[in-house]
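Summary of structural features
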Amino acid sequence: MPSRFSAETAASLPQKEIARLAEMRAVHSAFLYLHNQEMEFRRWQRELTEIPAPPFGEAARSHWLRERFTALGLEQVHQDELGNVFGYLQPPSSAPLLGMSAHLDTVFPLGTRLETREEGNRLFGPGISDNAAGIVAILALASALKRSELRLSSNVVFIGNVGEEGEGDLRGMRHLFSSSPWKETLQSLLVIDGAGTDTYVTQALGSRRFEITFRGPGGHSWSDFGIPNPILLLSRALARFSEGEVPQSPRTTFNVGVIHGGTSVNSIPESATARVDLRSASREELQRLEARLHECVNEAWSEVALPYRAGDAKVRFAIETIGDRPAAESAGDSRMVKVIRAVDAHLGIKSIPRLASTDANVPLALGREATTIGSGGDGGGAHTLREWFDCTNRDLGLKRILLTVLTLTGVNE
Ligand SMILES: [Zn+2]
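For the structure given in this document, a descriptive report is provided here.

With that settled, consider the overall build of the chain. Secondary structure assignment for the chain yields 13 helices and 20 strands. Taken over the C-alpha atoms alone, the chain extends approximately 85 × 45 × 35 Å along its principal axes. Within the chain, the fraction of its 413 residues that count as buried is 54%. Across the chain, every contact between residues at least 6 apart in sequence was considered, and the portion connecting residues at least 24 apart equals 80%. Of the charged side chains in the chain, 44 are positive and 50 negative, and the gap between their average positions amounts to 2 Å.

Below, the structure written as structure tokens:
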């Protein structure tokens, strides 16, 4: 989809435009500001990490972010009914917008000890990198742009969104691009997720997740021997499914991650359930895999002796969708990705394209311009209690984001 921003010349010659921007005095002062504010960024990062934000429980963080946005002087700070938080750089109009987002939620359930600590340049705490670092990057950029004299040709909206992780299933982003006023004006989205400067996402890894359940009458292992056994039916379906071939390219995978059922060794179980995860960058391959899963489950069921299938349907199965992240294949040629590559060349960053499942899946699947990059610094132990973020070179990541944003929006002399 062609961009509707004004800086078309910048799009054709990003390298030149970036060099011009990097020479500007106001850009220099913004760089300096991003470097000098490091201690403040650390305070924000630790404060945020210590606020719980399990999937579907982000309210306290939304509140915190709204207060920060207001304190920075962003325009029309508000949140929607899900808890997504917004703040504009300039007073909003109906013109196309560049969005910059970071997810607020973590994988950690309520009750997790969210203590943080600092050792030299290293911060420790669950979620400190994924995605407190991303939220801090949004705040840093909002703050730097708000203070600078740079006049951007198009407006930017800063977004802290809910529901990226696990069972959140991208609900925050999905809402933004389906039932909110943003779905028309938000032409491009730059997602900041985690640490680092070495990648950018060009392909949205799609996933479909299912819970498969077989149910039967159940009974005694000896006296009811012969009645259909849900665990065996489920096993047969899964074994058959796992024997199928999946393509190497586009890479397509499946996993059975959870299985449970039955109550005791001498009972024929009444039910058996499995959770299955299917992934691919190709929508068609995902659909094919999903169809095969249905086929295998149906086949296992249809082999049950007729008396146990007919009438009051003593043996039943159900396939419930428990996750759905859209896939999108080729975002590699978008203007946004070209700009990031040019910015990386300018800053001497060696980066590589990445296939990933992030908030950018939603706009990418709609044909919008979007990618996901890191917030700078370095990180590790994501989704564990040992998670860390190294602040060394955070400002390189922030410079990278700033130059990308300025090139995308265009800057008036
Ligand atoms: Zn994340």
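With distances of 2.0 to 2.7 Å, the protein atoms coordinating the zinc ion are His-103 (NE2), Asp-130 (OD), Asp-193 (OD) and Asp-193 (OD). Angles of 51 to 149° at the metal separate the four donor atoms of the zinc ion, which places the site in the irregular class. Sequence spacing of the donor residues for the zinc ion, all on one chain, is H-x26-D-x62-D. With His-103 in strand β3 (residues 97-103) and Asp-130 in the loop between β5 (122-124) and α6 (132-147), this pair connects stretches of sequence that are 27 residues apart.

Let us look at the sheet that holds strand β14 (residues 271-280). One open sheet accounts for four strands, arranged β12-β14-β10-β15; its pairing is antiparallel. The sheet is open, and its two borders are formed by β12 (252-261) and β15 (316-325), each paired with just one other strand. The sheet shows a mean angle of 15° between the axes of neighbouring strands, direction not considered. Note: strand β10 (residues 206-215) against β15, nine bridges, orientation antiparallel.

Let's shift gears to the pattern of salt bridges. As enumerated under the stated definition, the model contains 24 salt bridges in all. The closest approach of N and O atoms between Arg-46 and Glu-118, which form a salt bridge, is 2.9 Å. Within this pair, whereas Arg-46 is found in helix α4 (residues 38-49), its partner Glu-118 is found in strand β4 (residues 117-119), the two being separated by 72 residues in sequence. What makes Arg-46 partly exposed here is its relative accessible area of 24%.

This paragraph deals with the pairing of strand β8 (residues 186-192). In terms of burial, β8 is a largely internal element, seven of the seven residues being buried. As judged from the five bridges shared by β3 and β8, these two strands associate in the parallel manner. Pairing of Ser-101 across the sheet is with Val-191, part of β8. Here five bridges tie β8 to strand β17 (residues 369-373), and the two strands are oriented parallel to one another. Paired with Leu-189 across the two strands is Ala-370, which belongs to β17.

As a further point, take the nonpolar core. The biggest cluster of nonpolar side chains holds 57 residues, and the ones touching the most others in it are Met-100, Phe-158, Leu-190, Ile-401 and Leu-406. For Phe-158, the contacting residues outside a window of four places in its chain are Phe-69, Leu-74, Val-85, Phe-86, Gly-87, Leu-89, Met-100, Ile-138, Leu-141, Ala-142 and Leu-145. One finds Leu-238, Val-276, Leu-286 and Leu-293 within the second-largest nonpolar core, a separate group that totals 21 residues.

Another aspect to go through is the packing of α4 against helix α5 (residues 59-71). Look at α4 against α5: their axes get within 10 Å of each other, and the N-to-C directions meet at 155°. With respect to their mutual orientation, α4 and α5 come out roughly antiparallel. The residues of α5 that touch α4, namely those facing Trp-44, Glu-47, Leu-48 and Thr-49, are Arg-61, Trp-64 and Arg-68.

Attention now moves to the environment of Leu-170. You can see Leu-170 is positioned in the loop between β7 (156-161) and α7 (171-176). For Leu-170, a relative accessible area of 0% gives the class buried. Distance from Leu-170 to Asp-359, taken between C-alpha atoms, is 6.1 Å for residues 189 residues apart in sequence. Discounting chain neighbours no more than four positions away, the residues touching Leu-170 are Gly-163, Glu-164, Arg-325, Pro-326, Thr-358, Asp-359, Asn-361 and Val-362.

Procedures and definitions
Residues numbered from 1 in each chain as written. Predicted model: local features only at pLDDT ≥ 70, side-chain atom pairs only at ≥ 80, totals over all residues. Heavy atoms only, no water. Helix = DSSP H or I, 4+ residues; strand = E, 2+ residues; numbered from the N terminus. Buried < 20%, exposed > 50% of the residue type's maximum accessible area, 1.4 Å probe, protein only. Contact = heavy atoms within 4.5 Å. Lys, Arg positive; Asp, Glu negative; His and termini not counted. Charge placed at Lys NZ, Arg CZ, Asp CG, Glu CD. Donors = N, O, S within 2.8 Å, 3.2 Å for Na, K, Ca; no water. Tetrahedral: all angles 85-135°; square planar, octahedral: opposite > 155°, others 65-115°. Pairing = 2+ DSSP bridges. Axes fitted to C-alpha atoms, helices over the stretch in contact; angles between N-to-C directions. Salt bridge = Lys/Arg side-chain N within 4 Å of Asp/Glu carboxyl O. Core = buried A, V, L, I, M, F, W, Y, C linked by side-chain atoms within 4.5 Å. Parallel < 35°, antiparallel > 145°, perpendicular 65-115°, else oblique.

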